[in-house]
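Results of the structural survey
Listed here are the chains, written in short residue letters.
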Amino acid sequence: MTTEIIKQNKQSWDVVAHHFNGVDALPNYGPFAQTEKELGLLEDVANKRVLDIGCGSGHSLLYMAERGASELWGVDLSEKQIKTAEETLQGLETHLFCSPMEVDIGLPKLYFDCVYSIYAIGWTTDLTTTFRLIYSYLKQGGSFVFSWDHPLYPHIASQNGQLSLNGSYQEEGVTTYPNFKGEDAPMVIPRRKLSTYINELIKVGFTIDSVIESDVSVNYESTKVEVSDRYYSLYKAKRFPTTMIIKVIKK
Ligand SMILES: C[S@@+](CC[C@H](N)C(=O)[O-])C[C@H]1O[C@@H](n2cnc3c(N)ncnc32)[C@H](O)[C@@H]1O
């Protein structure tokens, strides 16, 4: 089942990749959410070895390169995304791999100062293995920072601006979207509770540094808030966090 999900999602990501070129990338952590400039979770990355999990179009790695990271590594499921990342990072020395994050492809252990993931970690079909692998890649004292949809967010429905609960937050499992991004691209997205993410991080040995349920970024301070039922809207983001952002340390 897990292998089938990865196979299906890989095919579909190659179809929808063009919708995500530079969309969910640092310094942004998520839709309408505070940015790295506001939160300062990554600290000084100059001369640091960094690994991006679900590196997508490579724009977060480019941000890291601009801040002086010494080595740029990335993993992504989609061949299309890796190809785009290569283009984005043209001229820079990179180590990019097309692979599911939940598979051990022999990335160096005890090697990275910082592993991070912007809106990709929730795609994993095996959270424990993924976190265990990330823990193994980090040096002692290294940090792991990731962002993903706030786990309750997909359950918040909006009708004429009235927010209500859709489905059950209690039931973990998967949701299948037959036409992701309006394309002929079926996607299977795992559903997990916030506590599942936190408990799995603790289980593999991480120490929690910060858990952020996003507020609206200062970048939207002067934007007029209009009632909207869109999946991501400023209106909704003012009432409920779009994004969870977690920083943990390998002590
Ligand atoms: C929203 S994009 C992330 C954007 C990226 N962080 C950036 O900085 O541009 C999500 C990415 O996760 C990747 N992905 C989905 N499932 C994955 C998996 N199981 N393992 C690795 N990458 C995966 C997709 O191919 C896609 O590029």
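Residues numbered from 1 in each chain as written. Predicted model: local features only at pLDDT ≥ 70, side-chain atom pairs only at ≥ 80, totals over all residues. Heavy atoms only, no water.

Quick word on the pattern of salt bridges
Test applied: Salt bridge, as used here: a side-chain nitrogen of Lys or Arg that lies within 4 Å of a carboxyl oxygen of Asp or Glu. A simple rule labels every residue: compare its accessible area, found with a 1.4 Å probe on the protein chains alone, to the largest value its type can have, and call it buried under 20%, exposed over 50%, or partly exposed in between.
By the definition in use, this model includes 9 salt bridges. A salt bridge links E226 to K224; the nearest nitrogen and oxygen atoms lie 3.5 Å apart. K224 matches E226 in its accessibility class, with the two residues each being exposed.

A closer look at the sheet that holds strand 3 (residues 94–98)
Our working definition: Two strands pair under a simple rule: DSSP has to find at least two bridges between them. For helices the rule is a DSSP run of H or I covering at least 4 residues; for strands it is a run of E covering at least 2, with both sets numbered from the N terminus onward. Note on geometry: axes are lines fitted to C-alpha atoms, helical ones only across the stretch in contact, with angles between N-to-C directions running from 0 to 180 degrees. Contacts are assigned to residue pairs with any non-hydrogen atoms lying within 4.5 Å of each other.
Reading across the sheet, the 7 strands line up as 3-2-1-4-5-11-10 and stay open at both edges, with mixed pairing between neighbours. Each edge of the open sheet is held by one strand with a lone partner, namely strand 3 and strand 10 (207–213). The average undirected angle you get between the axes of adjacent strands in this sheet is 15°. Where strand 4 (residues 112–118) and strand 5 (residues 138–149) come together, 6 bridges link them in parallel fashion. Each bridged residue has a counterpart across the sheet, and for Y116 the counterpart in strand 5 is V145. Strands in contact with helix 4 (residues 79–88) are strand 2 (71–76) and strand 3; relative to strand 3, the strand with the most contacts, it is inclined by about 165°.

Some points on the pairing of strand 7 (residues 162–165)
Two faces belong to every sheet, and in a regular strand the side chains alternate between them. Examined bridge by bridge, strand 6 (residues 156–159) and strand 7 share 4 bridges and lie antiparallel to one another. By the bridge assignment for strand 7, S158 is matched with L163. What sits between the antiparallel neighbours strand 6 and strand 7 is a turn of 2 residues, in which N160 has the positive phi angle 50°.

Quick look at the nonpolar core
Proteins that are soluble and globular tend to have nonpolar side chains buried together. What counts here: For the purposes of this section, nonpolar cores are sets of buried Ala, Val, Leu, Ile, Met, Phe, Trp, Tyr and Cys residues that join through side-chain atoms within 4.5 Å.
Core analysis: the biggest nonpolar cluster contains 41 residues, and L51, V115, I121, F131, F144, F146 and F206 have the highest contact counts within it. If you tally residues by element for this core, the top one is helix 5 (residues 127–137), at 6 residues. Look past the residues within four positions of F144 in its chain and what remains in contact with it is V115, Y116, S117, I121, F131, I134, L138, L201, F206, I246, K247 and V248. Grouped together as the second largest cluster of nonpolar side chains are 22 residues, L41, V50, C55 and C114 included.

Describing the layout of surface pockets
Applied cut-off: Both cavities and pockets are sets of points on a 1 Å grid over the protein atoms alone; in a cavity a 1.4 Å probe fits but cannot get out, in a pocket the set is open with protein on both sides within 12 Å along at least five of seven lines, and lining residues sit with an atom within 4 Å of a point. Grid points are joined across faces, edges and corners, and a volume is the space filled by probe spheres set on the points. Classification convention: Asp, Glu, Lys, Arg as charged; Ala, Val, Leu, Ile, Met, Phe, Trp, Tyr, Cys, Pro as nonpolar; all other residues, Gly among them, as polar.
Its boundaries defined by the atoms lining it, the second largest pocket holds a volume of some 190 Å³. Forming the walls of the second largest pocket are 15 residues, and the residues nearest its centre are E43, K48, D113, G141 and S143. Every element with two or more residues in the lining of the second largest pocket is listed here: strand 4, strand 5 and strand 11 (243–249). Broken down by class, the residue content of the lining of the second largest pocket amounts to 5 nonpolar, 4 polar and 6 charged.

Here we look at unusual backbone geometry
With an omega dihedral of 10°, the bond running from L26 to P27 counts as a cis peptide bond. Examined against the element boundaries, P27 turns out to sit in the loop between helix 1 (2–16) and helix 2 (36–39). Despite not being glycine, K181 shows a phi value in the positive range, around 55°. Within the secondary structure layout, K181 lies in the loop between strand 8 (173–177) and strand 9 (187–191).

Observations regarding the UniProt feature "domain: Methyltransferase type" (unreviewed entry) in the protein
Note the cut-off: UniProt positions are given in the numbering used here, feature names are shortened, and annotations may be inferred rather than shown by experiment.
When the UniProt feature table is mapped to this numbering, "domain: Methyltransferase type" (unreviewed entry) covers residues 51–146. Across residues 51–146, the secondary structure splits into 30% helix and 31% strand, with the terminal C-alpha atoms separated by 12 Å.

Looking at the site of the ligand
Quick reminder of the rule: Throughout, near means a residue has at least one heavy atom within 4 Å of the molecule or strand. Any pair of N or O atoms that falls within 3.5 Å is considered a polar contact. Within protein, one atom must be able to donate a hydrogen and the other to accept it, and sequence-neighbouring residues count only if both atoms are side-chain atoms. Note that accessible areas follow from Shrake-Rupley with a 1.4 Å probe, and for residues the cover is restricted to the protein chains shown.
Taken together, 21 residues lie near the ligand, and S60, D76, Q81, M101 and I118 sit nearest. Note that an oxygen atom of the ligand is positioned 3.2 Å from one of the backbone N or O atoms of D24. Protein burial of the ligand: of its 600 Å² of free accessible surface, 99% is covered by the chains. Residue composition of the shell around the ligand, grouped by class: 11 nonpolar, 7 polar and 3 charged.

Regarding the packing of helix 5 against helix 6 (residues 194–204)
Our working rule: When an angle is under 35 degrees it counts as roughly parallel; over 145 it counts as roughly antiparallel; between 65 and 115 it counts as roughly perpendicular; any other value is oblique. By convention the crossing between two helices is left-handed if the near helix lies anticlockwise of the far one by an angle smaller than a right angle, and right-handed if it lies clockwise.
For the pair helix 5 and helix 6, the least separation of the axes is 9 Å and the interaxial angle reads 45°. With respect to helix 6, the axis of helix 5 lies oblique. Remark: the crossing between helix 5 and helix 6 carries right-handed chirality. Side by side, helix 5 and helix 6 meet where L127, T128, F131, R132 and Y135 of the first sit next to T196, Y197, E200, L201, K203 and V204 of the second.

Quick notes on helix 4
Keep this limit in mind: This arc corresponds to the set of directions leading from the helix axis out to the C-beta atoms.
Those residues of helix 4 not exposed but buried are Q81, I82, T84, A85 and T88. Around the axis of helix 4, the buried residues are gathered within 160° of arc, so they sit on the same side. Those residues of helix 4 that are buried are in contact with helix 1, helix 3 (59–66), strand 2 and strand 3. Capping the start of helix 4 is the job of one residue whose side-chain oxygen sits 3.2 Å from the backbone nitrogen of K80: S78.

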